[in-house]
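Chain and residue survey
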Amino acid sequence: MTDVVTAPTTGLNHPQQEETEAPLKEEEEEGQIGSGGSQEEFGGFAGRAVNAAIVLSVGTLAITKLLTIDHDYWQGWTLYEILRYAPEHNWIAYEEALKTNPVLAKMAISGIVYALGDWIAQCYEGKPLFEFDRTRLFRSGLVGFALHGSLSHYYYQFCEALIPSKDWWVVPAKIAFDQTAWAAVWNSIYYVVLGFLRLESPATILNELKGTFWPMLTAGWKLWPFAHLITYGVVPVEQRLLWVDSVELIWVTILST
């Protein structure tokens, strides 16, 4: 009588079983990767769709508001007449807004410019047109709306009261004051507030401010003294922020990057 010897099977797989299980595992992993990739692609597409909807909605609203400024009495007007008189009447409406609620009007303009400037900055950094960071754009626009428009309104009033003379040296003096005291204050406010909106720690904000303060101040000297020859030499006080915000499209791009 002979004993039948059997090999233990606990913890071991038959070679043929291993060959059949390996492709199954690979297929499962590929399926998981494919599912994750599909979700990322869908998320990216959804984000681009939301961004495109925001841009198109805001752009359509702005164009509609600008072109329908005369809608109460443009019956019978040709398209040429509408396009010809709309800019003039929009300017009149802007001047009326400056008289009735100057701070709010300037806040709205600065908010739009700072948001638009950040969008330009993100595109400059290499992001596709509709793949911008909405949160970052909102933060920049919020700072422009809540702080830059209102503070600039009072700053230009203060600057006129501080240096009321009409002599030749007034424009260089105002430019010097603007590009030292005011530029230092505003750049600091900009970075500190953005840091808090990004939920950064005070230490991180302070280090970032130390690293950017002097480079940004000196970078401004390459642009703003020339722009402010017009600001303080030509443009009336109430219109200065509009001119400055036009130049801000370049400057906010620099600040954002």
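As annotated in an unreviewed UniProt entry, the protein is Peroxisomal membrane protein 2 from Escallonia rubra. The heading Subcellular location (unreviewed entry) in the UniProt record of the protein holds the text "Membrane". Taken verbatim from the UniProt record of the protein, the Sequence similarities (unreviewed entry) comment is "Belongs to the peroxisomal membrane protein PXMP2/4 family."

Our next topic: the pattern of salt bridges. Note that side chains of opposite charge can pair when their charged atoms are close. Evaluation of the coordinates by the stated rule reveals 8 salt bridges. Among the ionic pairs, K106 bridges to E238, the shortest N-O distance being 3.2 Å. In this pair, K106 sits in helix 3 (residues 102-124) while E238 sits in the loop between helix 7 (224-233) and helix 8 (240-256), placing the two residues 132 residues apart along the sequence. For K106, a relative accessible area of 3% gives the class buried. A salt bridge links R136 to D118; the shortest N-O distance between them is 2.9 Å. Of this pair, R136 sits in helix 4 (residues 134-162) while D118 sits in helix 3, placing them 18 residues apart in sequence. With respect to burial, R136 and D118 carry one shared label: buried. Three or more residues are tied together by salt bridges with common partners; here these are D118, E125 and R136.

Attention now moves to helix 4. With 29 residues, helix 4 should reach 42 Å at 1.5 Å per residue; the first-to-last C-alpha distance of 40 Å fits that figure. At G144, helix 4 shows its largest bend, some 35°.

Keep in mind that low pLDDT regions are not for reading the predicted coordinates in detail. Summarising the model, the protein shows a mean pLDDT of 82, and 82% of its residues fall at 70 or more. In this model residues 1-20 is a low-confidence stretch, pLDDT under 50, and it forms 2 contacts with partners more than four residues away in sequence or in other chains.

Conventions and cut-offs
Residues numbered from 1 in each chain as written. Predicted model: local features only at pLDDT ≥ 70, side-chain atom pairs only at ≥ 80, totals over all residues. Heavy atoms only, no water. UniProt positions renumbered as here; feature names shortened; annotations may be inferred. Salt bridge = Lys/Arg side-chain N within 4 Å of Asp/Glu carboxyl O. Helix = DSSP H or I, 4+ residues; strand = E, 2+ residues; numbered from the N terminus. Buried < 20%, exposed > 50% of the residue type's maximum accessible area, 1.4 Å probe, protein only. Expected span 1.5 Å × (residues − 1). Bend = angle between axes of the 7 residues up to and from the residue. pLDDT = per-residue confidence, 0-100. Contact = heavy atoms within 4.5 Å.

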